[in-house]
Amino acid sequence: IYSEQTLSGGYAGYFKRDYNESGSSACVTIIDDHANNTQPALKVYQDGAGNGIFIDQNGNDTALYIDSESTSAAILQVNSPVSTTGNIIDVHEANALTTGSGLRVHSDSSDTSTRSLVYIVNDHASATGTTALKIQQDAAAYGISIDQNGNQSALFIDADNTDTHTIRVADPKNTTGDVLAIYQADALTTGSIASFVSDSSSTGTRSLVEITNDNASATGTTGLKI
């Protein structure tokens, strides 16, 4: 079957169903039924400045549902995009959200293999202007919330930087609140609220913990209170 549009404002194909029943079949079905076929079942080629595929989902169900049996190949892949100032994936103006999420990744696998549910890689050392993950929170709520229920560190940082801070709080605007607070550590028995350990053999002058009140006019400031 070959169909070509030659009339202005026309279309090469049109399928419509308006029948009052729940039905048991899709309006349009494409079946590529041989396992040796490596070509796409449906290919969309768009040269114009319009959507490649446009879905207008008005019913209360998933707009794009994928049932994939692939095990080692990506289920959804954006291959070698050439975007420069545009976003590769953009969830735009999700202003109707109440208890839903903009993005949710869920796994209930019991496999003990090493893996990351979300993995962000900036793989070029010269990309010094790239922040791997940026969060902007304008509401009076947490920027990041970690609910660690397993018996392991809630936040682990493997840092290979040599002459910059591993953790840096830059220019905080706190006036009456604490810049860093470890609050209600009431379950402590033999553990510590904070532990600083160094096993370096370097003879260079350094301080494991340094507290500096750097303004001579701050006469009400105690450097360390116990």
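Rules and cut-offs
Residues numbered from 1 in each chain as written. Predicted model: local features only at pLDDT ≥ 70, side-chain atom pairs only at ≥ 80, totals over all residues. Heavy atoms only, no water. 1 Å grid on protein atoms, 1.4 Å probe; cavity = no way out; pocket = protein on both sides within 12 Å on 5 of 7 lines; lining within 4 Å. Points joined across faces, edges and corners; volume = space filled by probe spheres on them. Nonpolar A, V, L, I, M, F, W, Y, C, P; charged D, E, K, R; others polar. Patch = residues over 30% accessible without salt bridge, like charges linked within 9 Å, V, L, I, M, F, W, Y side chains within 5 Å. Areas by Shrake-Rupley, 256 points an atom, 1.4 Å probe, with all protein chains shown as cover. Salt bridge = Lys/Arg side-chain N within 4 Å of Asp/Glu carboxyl O. Buried < 20%, exposed > 50% of the residue type's maximum accessible area, 1.4 Å probe, protein only.

**Here we look at the layout of surface pockets**
- Of the pockets and cavities examined, the second largest pocket occupies roughly 1,000 Å³.
- If you go around the second largest pocket, you meet 18 residues; those closest to its centre are Val78, Ile88, Ile89, Asp90 and Leu103.
- Partitioning the lining of the second largest pocket into residue classes produces ten nonpolar, six polar and two charged.

**With respect to a nonpolar patch on the surface**
- A cluster of nonpolar side chains, namely Leu103, Val105, Leu117, Val118, Ile120, Leu133, Ile135, Ile144, Ile146, Leu155, Ile157 and Ile167, defines an oily patch on the protein surface of about 1,300 Å² accessible area.
- When its relative accessible area of 60% is taken as the criterion, Ile144 is described as exposed.

**Brief notes about the pattern of salt bridges**
- Throughout the structure, instances matching the rule amount to two salt bridges.
- Across the pair Asp111 and Arg115 runs a salt bridge, and its minimum N-O distance is 3.9 Å.
- Residue Asp111 is classed as partly exposed on the basis of its relative accessible area, which comes to 41%.
- With a relative accessible area of 41%, Arg115 lands in the partly exposed category.
- For Asp171, the salt bridge is made with Lys173, and the minimal N-O distance between the two is 2.9 Å.

**Remarks on unusual backbone geometry**
- Backbone geometry at Asp171 places phi at a positive 50°, although glycine is not the residue there.
- At Gln184, a position not held by glycine, the phi torsion is positive, near 55°.

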